[in-house]
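So you can see what is in the structure, the chains are spelled out below.
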Amino acid sequence: MIIFPKKRVKAAEGLHVKISNHFYYSDFGIRNTGETRYGGRRYILTGAPGTGFFERESESHSYHMFVRKHVAKTKPSYLRMVLGKEPNFGKAIEEGNKALASSTDQRQRELLECYVNALTVARKEERIQRVIRGIKDKMGHKSNKFMVSVLSHYKNKVRQLESDMDSVVWHVKDHCSAETYEAYSKVVDAFTRVASCRRIWFYAPLRKESYSQVFFDMGVFDYIRNEAFLPLMRDPKGVHYYLLPDAMIVARSSFDFDVVPLKTLTIVSQELAIEEPTEAMLGQMGDAASMIKIPEFDLNFYFNHVRAVVDFVRAVDRLKETL
């Protein structure tokens, strides 16, 4: 158990600094240094390292509340640190190895192997970042050539680790044909418009509250690398659905997930007409205009837009034709 918020470490010969024992949040492994793709928007870690989403522009107050709830968990908290509730690479690597040892699905094992390797690299980088922060704190606003040279040494290490990370993560583009990847890129573009819909509801008839507002985003799962990131859908139970070119990842956690072939899924859209029998239930939601159903997962999403939803499902259909 960690008790003290800081510890003294040797940063270089003749230089000792105090570094934080708190987890250092960053987007290392998610995008390269200086990369501004997806609008340079803030990356928010939501689970074990390597899993999170990108905050998007929205006028929705409920979405901003949703984002703030996750951001609050990234702020240093002594209690969370002591209780072991902050992200922890050691624990994540251990859980990843356990999941890998018990997995019998080839695709799942492939993703887990890449993830555990990525965690090992990211663990080194995270510690280096805490050392860099410790050196900067000790140097303060005074110029110190020796400390600056030590900082440069550690920053060069980070750049090397970025290269190492790129070689171990699972790259989407390397696991499908050029035709499929082109179709998938169109799906991703269409999904960003769906995610931007003003409201998205999830309908579960057996739940006490049948209608729950949910949010779609572009996200990252277990350091999987894609140029425009992964379409991410959520349900109220906390299950996340990540779309790959040929599969859907159904993630209950970073280590507990299924990889379901896309060709086995039925993804359909429907425009809602006033004479349909769903009119009574939609009255609770106000302006729902369309829906997406994925019956294999018992998913029913309702939207206040039509065109974006229809375009997304059509793009998915074209993607499935390339598989």
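Above this text sits the structure in question.
Residues numbered from 1 in each chain as written. Predicted model: local features only at pLDDT ≥ 70, side-chain atom pairs only at ≥ 80, totals over all residues. Heavy atoms only, no water.

A. Representation of the pattern of salt bridges within the structure. A full pass over the atoms with the stated rule returns 15 salt bridges. For the salt bridge of Arg-252 with Asp-256, the shortest nitrogen-to-oxygen distance reads 3.1 Å. Judged by its relative accessible area of 39%, Arg-252 falls in the partly exposed class. The class for Asp-256 is partly exposed, based on a relative accessible area of 38%. The closest approach of N and O atoms between Arg-307 and Asp-311, which form a salt bridge, is 3.6 Å. With Arg-307 and Asp-311 both in helix α8 (residues 307-321) and 4 residues apart, the pair spans about one turn of that helix. On the basis of relative accessible area, Arg-307 is assigned to the exposed category, the value being 53%. Via salt bridges that share partners, Arg-56, Asp-217 and Arg-234 belong to a single interconnected network. (Salt bridge = Lys/Arg side-chain N within 4 Å of Asp/Glu carboxyl O. Buried < 20%, exposed > 50% of the residue type's maximum accessible area, 1.4 Å probe, protein only. Helix = DSSP H or I, 4+ residues; strand = E, 2+ residues; numbered from the N terminus.)

B. Quick look at the side chain of Ser-60. By the secondary structure assignment, Ser-60 is in the loop between β4 (52-54) and α1 (61-72). Here Ser-62 takes part through its side chain, which lies 2.9 Å from a polar atom of the side chain of Ser-60. Only 3.1 Å separates the side chain of Ser-60 from the backbone nitrogen of Tyr-63, close enough to count as a polar contact. Apart from the residues within four sequence positions on either side, Ser-60 is in contact with Arg-198 and Gln-213. (Polar contact = N/O pair within 3.5 Å; in protein donor to acceptor, adjacent residues only side chain to side chain. Contact = heavy atoms within 4.5 Å.)

C. Representation of the environment of His-171 within the structure. Take His-171: it is sitting in the loop between α5 (145-168) and α6 (178-195). In sequence terms His-171 and Cys-114 are 57 residues apart; their C-alpha atoms lie 9.7 Å from each other.

D. Structural view of the layout of surface pockets. Quantified by volume, the largest pocket comes out at close to 490 Å³. Lining of the largest pocket is provided by 24 residues; of these, Thr-46, His-70, Arg-234, Gly-238 and His-240 occupy positions nearest its centre. Of all the elements in the fold, those that place two or more residues in the lining of the largest pocket are α1, β6 (211-213) and β9 (240-243). It is α1 that provides the largest number of residues to the lining of the largest pocket, a total of 3 residues. (1 Å grid on protein atoms, 1.4 Å probe; cavity = no way out; pocket = protein on both sides within 12 Å on 5 of 7 lines; lining within 4 Å. Points joined across faces, edges and corners; volume = space filled by probe spheres on them.)

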